[in-house]
Amino acid sequence: MSTLRDAKIGETVTVVKLTGEGPVKRRIMDMGITKGVSIFVRKVAPLGDPVEVTVRGYELSLRKADAEMIQVR
């Protein structure tokens, strides 16, 4: 299963599952990233951290560690 970190620039992916525990998972869900939502990858910083995405009509930056917790297809 691939993660959001593996997604390429310009690609739109769908969230399949959120991994992680407790407060970290809750924070990701509070940002609007839930199962079934579409995520558009806008930019990736030169060293891969952070990843800039569009979720539910707004822009969001995620750390690599957080992006690895989001399984997508």
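The preceding data block contains the structure.
The following paragraphs examine the structure supplied in this document. Computed from a predicted model, the values in this text were never measured in an experiment.

Our next topic: the sheet that holds strand β5 (residues 58–62). Hydrogen bonds between backbone atoms are what pair the strands of a sheet, whose relative direction is either parallel or antiparallel. Taken in spatial order, the 6 strands of this open sheet run β1-β6-β2-β3-β4-β5, and their pairing is antiparallel. Every other strand in the sheet has two partners, leaving β1 (2–3) and β5 as the edge strands with one partner each. As paired strands, β1 and strand β6 (residues 70–72) are joined by 2 bridges and run antiparallel to one another. In the sheet register, T3 faces β6, and the bridge partner there is Q71.

Along the chain, the position of D66 falls in helix α2 (residues 64–67). In this structure the side chain of D66 is engaged in a polar contact, spanning 3.3 Å, whose partner is the side chain of R27. Apart from the residues lying within four places of it in its own chain, the contact partners of D66 are V24, R27 and I28.

Inspection of every chain in the model, using the stated rule, returns 6 salt bridges. R27 is the partner of D66 in a salt bridge, and the nearest nitrogen-oxygen pair spans 3.3 Å. A residue pair is termed long-range when its members are at least 10 positions apart, and D66 in helix α2 and R27 in helix α1 (residues 22–30) qualify at 39 residues. Accessibility expressed as a relative area gives 3% for D66, which makes it buried. With a shortest N-O distance of 3.4 Å, R63 and D66 are connected by a salt bridge. One network of salt bridges, in which partners are shared, links R27, R63 and D66.

Conventions and cut-offs
Residue numbering note: each chain is counted from 1, following its sequence as written. For a predicted model such as this one, the threshold for reporting local features is a pLDDT of at least 70, and the threshold for listing and counting side-chain atom pairs is 80 or more; totals across whole chains, interfaces and linings nevertheless cover every residue. Derived side-chain values reflect all non-hydrogen atoms in the structure, with water molecules and hydrogen atoms excluded from consideration. Two strands pair under a simple rule: DSSP has to find at least two bridges between them. Per the convention used, a helix needs a DSSP run of H or I reaching at least four residues, while a strand needs a run of E reaching at least two, with both numbered from the N terminus. We define a polar contact as two N or O atoms separated by no more than 3.5 Å, with the added condition that, inside protein, one atom must be a possible hydrogen donor and the other a possible acceptor, whereas residues neighbouring each other in sequence contribute only through side-chain atom pairs. Should any heavy atoms of two residues lie within 4.5 Å, those residues are counted as being in contact. Salt bridges are counted wherever a side-chain nitrogen of Lys or Arg sits within 4 Å of a carboxyl oxygen of Asp or Glu. Burial classification: accessible surface area is computed with a 1.4 Å probe over protein chains only, and a residue below 20% of its type maximum counts as buried, one above 50% as exposed, and the rest as partly exposed.

From the geometry alone we can't say anything about function, so treat these as descriptive.
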